[in-house]
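# Remarks on the overall topology
Here is what each chain is made of, one letter per residue.
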Amino acid sequence: MALPSVWSEVRVGILFLSVLGLLSVRLVGAGQDSGSIIPAESRPCVDCHAFEFMQRALQDLKKTAYSLDTR
C-alpha cells in the first residue's frame with residue numbers, strides 16, 4: 001500500500017511544479033513594458049533601415065573625402 005501514496009505524492013509534486021512554472025512565465029511576461037512596443041504597421045521595414053544606414057554611410061564618406069580634398 002505504500003506505493004500508491006508515493007505515486008500520489010509524485011503527482012501532487014508535478015502538479016505543484018507545473019503551476020509554479022506557469023506562474024513564473026506569466027510574471028515574466030507581465031514585467032515587460034507594454035508601452036515600449038511599437039506596432040508593426042508603424043515600424044519601418046528592414047530594407048528601409050538598411051537604406052537609411054547606407055545613406056548615412058555615404059554622407060560620412062562624402063564628408064571625409066571633402067575634408068581630405070581641402071587639406
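Description of the structure in this document. Just so it is clear, the structure is predicted and the values come from calculations on it, not from any experiment.

The rules behind each value
Residues numbered from 1 in each chain as written. Predicted model: local features only at pLDDT ≥ 70, side-chain atom pairs only at ≥ 80, totals over all residues. Heavy atoms only, no water. Helix = DSSP H or I, 4+ residues; strand = E, 2+ residues; numbered from the N terminus. Buried < 20%, exposed > 50% of the residue type's maximum accessible area, 1.4 Å probe, protein only. Areas by Shrake-Rupley, 256 points an atom, 1.4 Å probe, with all protein chains shown as cover. Patch = residues over 30% accessible without salt bridge, like charges linked within 9 Å, V, L, I, M, F, W, Y side chains within 5 Å. Salt bridge = Lys/Arg side-chain N within 4 Å of Asp/Glu carboxyl O.

Of the regular secondary structure elements, the protein holds two helices and zero strands. Per-residue burial for the protein yields a buried fraction of 0% across its 71 residues. Counting every atom, the protein has about 7000 Å² of accessible surface; 68% of that belongs to carbon and sulfur.

Once that is clear, we can look at a nonpolar patch on the surface. Together, V6, W7, V10 and I14 give the surface a local cluster of nonpolar side chains, amounting to about 410 Å² of exposed area. By secondary structure assignment, the location of I14 is in helix 1 (residues 2–30).

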